[in-house]
Amino acid sequence: NEDMDTAVGTITTGLPGVGTAAVVLTWINNQTLNVTYTALDDLTMYYVNLTGFTDVAGNALTGDMSFNFTTGDFTGPTVTSTTPADGATAIPLDAGTYTIVFSEAMAAGTPVSDLPGVTWAWNGTTLTGTYTALTAGTTYEVDVSAFTDVAGNAITGTVVRDFTTTAVVVDP
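Let us look at the structure shown here. This one's a predicted model, so the numbers in the text were calculated from it and none came from an experiment. (Residues numbered from 1 in each chain as written. Predicted model: local features only at pLDDT ≥ 70, side-chain atom pairs only at ≥ 80, totals over all residues. Heavy atoms only, no water.)

### Focus on the packing of aromatic side chains
Aromatic ring pairs are reported here in terms of the distance separating the ring centres and the angle at which the planes meet.
Inference 1: Counted by the stated rule, this structure contains nine aromatic pairs.
Inference 2: Both rings, one in Tyr140 and one in Phe163, keep their centres 5.9 Å apart while their planes meet at 35°; by these two values the pair is tilted. Taken together, the residues span a long stretch of sequence, with Tyr140 in strand β12 (residues 139-143) and Phe163 in strand β13 (residues 160-165) at a distance of 23 residues.
Inference 3: Owing to a relative accessible area of 5%, Tyr140 belongs among the buried residues under this scheme.
Inference 4: Clustering of aromatic rings is evident, with ring pairs tying together Tyr98, Tyr131, Tyr140 and Phe163. (Phe/Tyr/Trp six-rings, centres within 6.5 Å; stacked < 30°, edge-to-face > 60°. Helix = DSSP H or I, 4+ residues; strand = E, 2+ residues; numbered from the N terminus. Buried < 20%, exposed > 50% of the residue type's maximum accessible area, 1.4 Å probe, protein only.)

Okay, structure coming up:
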């Protein structure tokens, strides 16, 4: 509640981009330090430290001031890959597996899929479906549009993936 001598003291931060448009440090009425920032990483701890500051009468702050905070997770997950690949063709008709790899930890869920006899199992950021024999010349879809990460962020990007089986070749 005292006016600060803003010409003395040091401010250090763990914020990326100090001194650029990404992080702006300003004093309001010489009593409040305003820290404006953009583009912080999700789930990261940051700090702001004030050392050596005095009020305008020359009285030092009682101890150094340190403020820490951790950002939340506000970024939606994505599908980083599938096996078979999205849009793949000529997939064998035998029973097999369909694997989806996500960009981060997911809340458990089951895709909407027309794969025959499929059962799904999670292993970290990977979801694997084991299916029975497929039908020739058929396109199968796997839809994960209802999925969220463990923080509750909705999935983004292409959420419906497909592949097509090989057509039956008839010998003359």
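### Here's the deal with the sheet that holds strand β4 (residues 45-51)
Inference 1: Strand order in the open sheet formed by three strands is β1-β4-β5, and the pairing between neighbours is antiparallel. Of all strands in the sheet, those bounded by a partner on one side alone are β1 (10-13) and β5 (65-70). The average angle at which neighbouring strand axes cross in this sheet is 10°, direction not considered.
Inference 2: One ladder, built from four bridges, connects β1 with β4; its direction is antiparallel. In the strand pairing of β4, Thr13 is matched with Val48. (Pairing = 2+ DSSP bridges. Axes fitted to C-alpha atoms, helices over the stretch in contact; angles between N-to-C directions.)

### Notes on the layout of surface pockets
Inference 1: In this structure, the largest pocket encloses a volume near 240 Å³.
Inference 2: Taken together, 14 residues line the largest pocket, and the ones lying closest to its centre are Asn1, Glu2, Met4, Gln31 and Leu61.
Inference 3: Grouping the constituent residues of the lining of the largest pocket by class yields eight nonpolar, four polar and two charged. (1 Å grid on protein atoms, 1.4 Å probe; cavity = no way out; pocket = protein on both sides within 12 Å on 5 of 7 lines; lining within 4 Å. Points joined across faces, edges and corners; volume = space filled by probe spheres on them. Nonpolar A, V, L, I, M, F, W, Y, C, P; charged D, E, K, R; others polar.)

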